[in-house]
Amino acid sequence: MRLFPYPLEVPSSKTNLFHLPCSLQEAPVVIIPAPWDVTGTSGSGASLGPESILKASYKLSLFAYEHTPIHEMGIFMLPIPHDWKMLSDELRHDTANYIHTAEWDMDCPAPRKDVLQKVNRHTRQFKNDVKVKALNYLNKGKLVAVLGGDHSTPLGLIEALAERNESFGILHINAHAALRKAYQGFTYSHASIMYNALKVPQVKKLIQVGLRDYTEEEIEITQAEKGRVVNFMDRYLKNQRFQGVTWKASCQEIIATLPEKVYVSLDIDGLDAKLCPGTGTPVPGGLDFNEARYLFDALNTAGKKIIGFDLCEVAPGDNLAWDAEVGSRMLYTLAYNMARSQGKMPGTKPASSQ
C-alpha cells in the first residue's frame, strides 16, 4: 500500500523545469521531486529545495551548457507531491526538538519510542514510494533522478536501479561520509544514506569525494568494507592542487576507481560553502562549481554510463535566489551528463559506444 493514493503520472499545467516544452511522454529524463526533510540535523529547509530550484530554473539562458540549446534536452520534472511535504512537516515537528538538542548534548535522552517508531515507519514507506515511482519510469525506458529534500530521499531510487542493473558504483560528493548506522535512532536518517546504500549488494563501489567531516564510526565502516569504499578527502584533493597536480589528473584518479555504470549522489554541501550557504550542514572547503562540472564531464570522456543521480540538501535559507540558482544549474549539469552518457542527447552515442 502506498503512503498516498496519487497516480504515478500526473500531467502538470505549470511551467516545466527549465521552461522546457517537452511532455512527460517525450522526455528521456524524469526528475522525481522529493520535498522531504524529516531527519536533518543542524538546519532544515531542504524540503523547499525542489520548488525553489524549479523557480530558479526558469532563468537559465538558451545556451546554458556548452553549445547545446536547453530546448534540445528533454527533462521533465514530475509535479511536486505536496502530500509528501505536508507529512514531512508533521514528522519534522516530532523530531526537531530532539535532533537539535542531541546535536549539542551527547547525553541527550533518546526520542520517545512511539515517535521513533512513527518516524521510522513513515520514512520507510516514503523510501518504498520513491522506489515504486522510479521503477515505473525506469521500466518505460526513462532515465530517472531524485531532487531532494534531505539526503535520505534517493535510497528508493538506488534500490530501484539495483533491480535493473547487476552491478554499479556510486560516486558520492559530500562534505560528510553519511555512513552512520541509524543516526540518532532514525533508520533512514540523511546521515545514514550511504550506510543504507551499502546494504544493496549490486553497489560494488562507493567512491566518496570531498569529505571533510566524518566520525570514528564511519572510518571503521570504511575499513571494514575492505576496498569497497574509497575516500578522496577534500584535504587530499586540495593538497594535490597545491603541489601542482591538475584537477584533470585528480579526476582521472577518481574515475579509475569506478566501474562502467555509475550512480551520482550529490549533496550540495559537497561544494564550497559559498555556493550553498543555506544548506543544513555547511562545512568550509569543498569543490568549486566548475570542478564538479568538469568531474561529471570527465565521466563521459572516460566512457562511464551514468544510470541515475540525485541532488539533495539545497535549502533556501536567507539566500533563496543564490542557493536555488546554483542548485538549478547543477541539476541541469547532472541531467545533461546522464543523458549524454546514454546517447540521449542529439548527436551522441552511449558512453560504451564512444
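None of these values were measured; they are calculated from a predicted model. (Residues numbered from 1 in each chain as written. Predicted model: local features only at pLDDT ≥ 70, side-chain atom pairs only at ≥ 80, totals over all residues. Heavy atoms only, no water.)

**Some details on the overall build of the protein**
What the protein contains, in helices and strands, is 10 helices and 8 strands. Each of the 354 residues in the protein was classed as buried or not, and the buried ones make up 60%. Taking the intrachain contacts of the protein between residues at least 6 apart in sequence as the baseline, contacts between residues at least 24 apart amount to 79%. Total accessible area on the protein stands at roughly 14800 Å², and carbon and sulfur atoms take up 52% of it. (Helix = DSSP H or I, 4+ residues; strand = E, 2+ residues; numbered from the N terminus. Buried < 20%, exposed > 50% of the residue type's maximum accessible area, 1.4 Å probe, protein only. Contact = heavy atoms within 4.5 Å. Areas by Shrake-Rupley, 256 points an atom, 1.4 Å probe, with all protein chains shown as cover.)

**Quick look at the environment of leucine 60**
Of note, leucine 60 is situated in the loop between helix H1 (49-57) and strand S2 (75-77). For leucine 60, a relative accessible area of 11% puts it in the buried group. When the C-alpha atoms of leucine 60 and phenylalanine 18 are compared, they prove to be 6.6 Å apart, with 42 residues separating the residues in sequence.

**Focus: unusual backbone geometry**
Looking along the chain, the bond that leaves glycine 148 and enters glycine 149 is cis, with omega of 20°. As for its placement among the helices and strands, glycine 149 is situated in the loop between strand S3 (143-148) and helix H4 (155-162). A positive phi angle, close to 60°, is found at histidine 19, a residue other than glycine. Secondary-structure assignment places histidine 19 in the segment before strand S1 (29-34). Since its relative accessible area comes to 47%, histidine 19 is described here as partly exposed. Here glutamate 313, not a glycine, exhibits a phi torsion of approximately 70°, which is positive. One can find glutamate 313 in the loop between strand S8 (305-312) and helix H10 (320-341).

**Remarks on the packing of helix H7 (residues 234-242) against helix H8 (residues 247-255)**
Contact geometry of H7 with H8 gives a least axis separation of 9 Å together with a crossing angle of 145°. Crossing of H7 against H8: the hand is right-handed. From H7, Tyr236, Leu237, Gln240 and Arg241 reach across to H8, where they touch Trp247, Ser250, Glu253 and Ile254. Broken down by class, the residue content of the contact of H7 with H8 amounts to 4 nonpolar, 2 polar and 2 charged. (Axes fitted to C-alpha atoms, helices over the stretch in contact; angles between N-to-C directions. Left-handed = near helix turned anticlockwise from the far one by under 90°. Nonpolar A, V, L, I, M, F, W, Y, C, P; charged D, E, K, R; others polar.)

**Overview of helix H6 (residues 216-224)**
Since the α-helix packs 3.6 residues into each turn, any two residues three or four apart lie on the same face. Within the sequence span of H6, burial applies to Glu218, Ile221 and Thr222. Looking straight down H6, one finds that the buried residues subtend no more than 100° of arc, so they occupy a single side. Seen from the open side of H6, the exposed residues pointing more than 90 degrees away from its buried face are Glu216, Gln223 and Ala224. The inward-facing, buried residues of H6 contact helix H5 (193-197) and strand S6 (229-233). Once H6 finishes, lysine 226 follows within two positions and takes phi at roughly 50°, a positive value. (Arc of directions from axis to C-beta.)

Any link to function would need more than the numbers given here.
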